[in-house]
Amino acid sequence: MAFIPNTTCLLYKNTGYNAFGEPKFGRGELTRCAIVKLIGADEKTTVRSDIAASKSHAIDDTVDAKILFKSNCKVEKGDKVEIWGYTITITKKHPRLNIYGKLDHYECDGVIL
């Protein structure tokens, strides 16, 4: 079965970095995609000064996202996606093939900014 996108998002291409090393993004373009997973959670992480084994924890917000893009979409690692009020940075891009071995779509993982 071929991949059929069911929603629209704004894709901002990473065009380089400014003088402070922060990413710069181009103009957003509408593209079709599909959300597989968008989960926000609070995680307990150890604090840096926990050398004394005080069992201290900090709460860290994490969002796990998995988005599918059509094979003709030029999404890359480091690009920014806006969808449903979330701004997500793409961290991984995986090509997915159909049963005939041809590129069908891209599966991208991301985290919220």
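My aim in this report is to walk through the structure given alongside it, one point at a time. (Residues numbered from 1 in each chain as written. Predicted model: local features only at pLDDT ≥ 70, side-chain atom pairs only at ≥ 80, totals over all residues. Heavy atoms only, no water.)

1. Considerations on the overall build of the chain
Right, so step 1: A tally of helices and strands in the chain yields zero helices and eight strands.
Right, so step 2: When the elements of the chain are put in sequence order from the N terminus, they spell out β-β-β-β-β-β-β-β.
Right, so step 3: The burial tally for the chain puts 31% of its 113 residues in the buried class.
Right, so step 4: Within the chain, contacts between residues separated by at least 24 positions form 50% of all contacts whose residues are at least 6 apart in sequence.
Right, so step 5: Entry remark: accessible area of the chain is about 7,800 Å², with carbon and sulfur atoms responsible for 53%. (Helix = DSSP H or I, 4+ residues; strand = E, 2+ residues; numbered from the N terminus. Buried < 20%, exposed > 50% of the residue type's maximum accessible area, 1.4 Å probe, protein only. Contact = heavy atoms within 4.5 Å. Areas by Shrake-Rupley, 256 points an atom, 1.4 Å probe, with all protein chains shown as cover.)

2. Some words on the nonpolar core
Right, so step 1: If you look at the biggest cluster of nonpolar residues, it comprises 15 residues, and the most contacted ones within it are I67, F69, V75, V81 and I83.
Right, so step 2: Ignoring any residue separated from it by four or fewer positions in sequence, one finds F69 in contact with F3, C9, T31, R32, C33, V75, V81, I90, H105, Y106 and C108. (Core = buried A, V, L, I, M, F, W, Y, C linked by side-chain atoms within 4.5 Å.)

3. So, the packing of aromatic side chains
Right, so step 1: For the structure on display, the rule yields zero aromatic pairs.
Right, so step 2: Positioned above the aromatic ring of Y12, the side-chain terminus of K80 is 5.0 Å from the ring centre.
Right, so step 3: When the ring centre of Y106 is taken as reference, the NZ or CZ atom of K93 above it lies at 4.2 Å. (Phe/Tyr/Trp six-rings, centres within 6.5 Å; stacked < 30°, edge-to-face > 60°. Lys NZ or Arg CZ within 6 Å of the ring centre and 35° of its normal.)

4. What to know about the side chain of T89
Right, so step 1: You can see T89 is positioned in strand β7 (residues 86-97).
Right, so step 2: The exposure class assigned to T89 is buried, which follows from its relative accessible area of 16%.
Right, so step 3: Contacts of T89, omitting those with residues within four sequence positions, involve G78, D79, D109, G110, V111 and L113.

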